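# What the coordinates show
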Amino acid sequence: YARYSCDNQTEQSIEGQLRVCEEYAKKNDILILRSYIDRAMTGTNDNRPDFQRMIADSGKEKWDMVLVYKFDRFSRNKYETAKYKHMLKENGVKVVSAMENIPDTPEGIILESVIEGMNQYYSEELSQKVRRGMRESRAKGNYTGGVLIYGYKIVDHKVVIDEDEANIVRSVYEQYSMGVYVKDIIADLTAKGAYNKGKPFAKNTVYNILRNEKYSGVYRYKDEVFTNIYPQIVPTEVFCKVRKKIAQNKNGKASVMTRYLLKNKLFCGYCGTKMVGVGGTSKTGDVKHYYRCRGIIDGEPCRQRLFRQDILDKLVVDSIVSELSKPNTIEYIVGNLLKVQNELVKANPNVATLQKQKHNVERALENIMKGIELGIMNNTTAKRMQELESQLANIEKQLIIERSKTDTQLSSEQIYKFYSDALRLEAPLLVELLVDKVTLYDEKIVIQYKTPLSVDPDDMSGFLICRHHLGTNNCAKRLYNNCNQILIEMKI
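Residues numbered from 1 in each chain as written. Predicted model: local features only at pLDDT ≥ 70, side-chain atom pairs only at ≥ 80, totals over all residues. Heavy atoms only, no water.

### With respect to the nonpolar core
- Counting residues in hydrophobic clusters, the biggest one holds 57 residues, and the most contacted among them are Met54, Val66 and Ile320.
- When residues in this core are grouped by element, the largest group, 8 residues, is from helix 11 (residues 309-324).
- Counting 29 residues, the second largest nonpolar core, distinct from the first, contains Ile168, Val169, Ile229 and Val242. (Core = buried A, V, L, I, M, F, W, Y, C linked by side-chain atoms within 4.5 Å. Buried < 20%, exposed > 50% of the residue type's maximum accessible area, 1.4 Å probe, protein only. Helix = DSSP H or I, 4+ residues; strand = E, 2+ residues; numbered from the N terminus.)

### Examining the pairing of strand 6 (residues 158-161)
- Of the pairings in the sheet, the one linking strand 5 (residues 152-155) to strand 6 comprises 4 bridges and is antiparallel in character. Opposite valine 155, over in strand 6, you have lysine 158 as the bridge partner.
- Connecting strand 5 to the antiparallel partner strand 6 that follows it, the hairpin turn spans 2 residues, and aspartate 156 within it adopts a positive phi of roughly 55°. (Pairing = 2+ DSSP bridges.)

### Structural notes on the packing of helix 6 (residues 163-177) against helix 8 (residues 203-211)
- In contact at an axis separation of 10 Å, helix 6 and helix 8 are set at 85° when each is read in the N-to-C sense. As summarised for this structure, helix 6 and helix 8 are arranged roughly perpendicular, according to the angle between their axes. Across the interface between the two elements, Val169, Val172, Tyr173 and Tyr176 of helix 6 pack against Val206, Tyr207, Ile209, Leu210 and Arg211 of helix 8. (Axes fitted to C-alpha atoms, helices over the stretch in contact; angles between N-to-C directions. Parallel < 35°, antiparallel > 145°, perpendicular 65-115°, else oblique. Contact = heavy atoms within 4.5 Å.)

### Quick notes on unusual backbone geometry
- The phi torsion at aspartate 29 lies on the positive side, around 55°, for a residue other than glycine.
- Take aspartate 29: it is sitting in the loop between helix 1 (11-27) and strand 2 (37-38).
- The class of aspartate 29 is exposed, set by a relative accessible area of 72%.
- Unlike most non-glycine residues, asparagine 264 shows phi in positive territory, near 70°.
- Within the secondary structure, asparagine 264 is located in the loop between helix 9 (236-249) and strand 9 (266-268).

### A closer look at the sheet that holds strand 12 (residues 307-308)
- Here we have 3 strands laid out as an open sheet, ordered 10-11-12, and antiparallel in their pairing. Only two strands of the sheet have a single neighbouring strand rather than two, namely strand 10 (275-281) and strand 12.
- As paired elements, strand 11 (residues 287-293) and strand 12 share 2 bridges and run antiparallel to each other. Across the sheet, residue tyrosine 291 finds its bridge partner in strand 12, namely phenylalanine 307.

### Section: helix 11
- Taking 1.5 Å per residue as the helical rise, helix 11 with its 16 residues ought to reach 22 Å, and the 23 Å between its terminal C-alpha atoms agrees with that figure.
- Of all 16 residues making up helix 11, 13 are buried, and the element is well covered by its neighbours. (Expected span 1.5 Å × (residues − 1).)

### Some remarks on the state of the cysteines
- Evaluated as defined, the whole model comprises 0 disulfides.
- Looking at cysteine 268, it has no disulfide partner, and the nearest cysteine sulfur is the one in cysteine 302, 3.5 Å off. (Disulfide = S-S within 2.5 Å.)

### With respect to helix 6
- Here helix 6 is 15 residues long and its end C-alpha atoms lie 21 Å apart, about the 21 Å a rise of 1.5 Å per residue gives.
- Of the residues trailing helix 6, glycine 179 is marked for its positive phi of about 100°.

Note that every value here comes from positions in space, so none of it alone points to a role or purpose.
Have a look at this one:
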């Protein structure tokens, strides 16, 4: 699989990736059956045609590996990376990087995940600069793009009121504030010949108009409030009255969603059936969440009892964190990340390629300017000049990203802190990456890892761990079982 990000890059990028992959395949006696290529497609999301085709084909065709130049070609989003690698694994397919030789061990898996996080960091650094520029534009009252809501139009980069549409918006607010039903408002608009994009207003469209704070002159972006972008169409007191009415008419309450970390991984130790998440409300009104044997739900006899979801999730996560917090493992991860960073500092061929592209575009623009000075100016010349200016802007953005990879260097202490924090903050990702199966009994939990663990049975320094006091007097003792299992004995 090969990919490049933006229109200003060329087929040379794809050719270079394919050449490295072919050399790797030849060296390792791998037969390449098919190539999937996405051109001018970002890696920060999965909206890529050939990528999706590759994922689908992995379940239908007989191949067992996806070979990429580097993991950032597969994806720059670590959560989507984990998701699609899991889907490929279910189909018997693994992802291999021709340039990043990472061992198939728990340490290797977490190293790969951290490298993917660094790739995402470099990609997001430019986004931060773009967001900073967008904020300056908003502070000046300029329109920054996106879908323009009904009732407004753009004039010289500013949002101004479209009076014909604004009168309809005012009418909608006035009628609703007086108690007129939305369906009757729509009927009235249709009778008066007022349409939205040539069609009668839909119910959801009217509700969206009634909820949109921009009509009161207020535009919120994250934690900031701007009052200089959208001119006010609806008086503040009318908007507040309508908002209060909508809140009163809203049916039901938003349900509280609980994430069960062990979903599809937890099995009953007695009947072998999957355990599923269930919830219940106590006499005091508190909502509790549990794991329950699916067999019992289906009416099958089983001695398995309910088990608290928060306690079990914590036991499993703590065991993973314990394994990955060993000094030797941390030393291995931090050392390899420093090596990756040093390689980026030593040589970054992408900068040279982008500088060459920039030089060629600047020279082409210079030639067009000379032609304009000689009086050669037509529609074709203007269109070509606009294309070149757009290419130059994209190249300069990519140069910022590539240079930041060498300008921003992390110390071993910073990498260690990032790694230590990530072990706790990325619990769902750790479970997804490392845990294959968890088997639950009354008195013990058996955690089956996806790859062998680097444990030394003679090293008993970490023998007694995972002591929990979670309100139910739970404590646990970890025992070495075999190379890819951890046994947690529970005392209740």
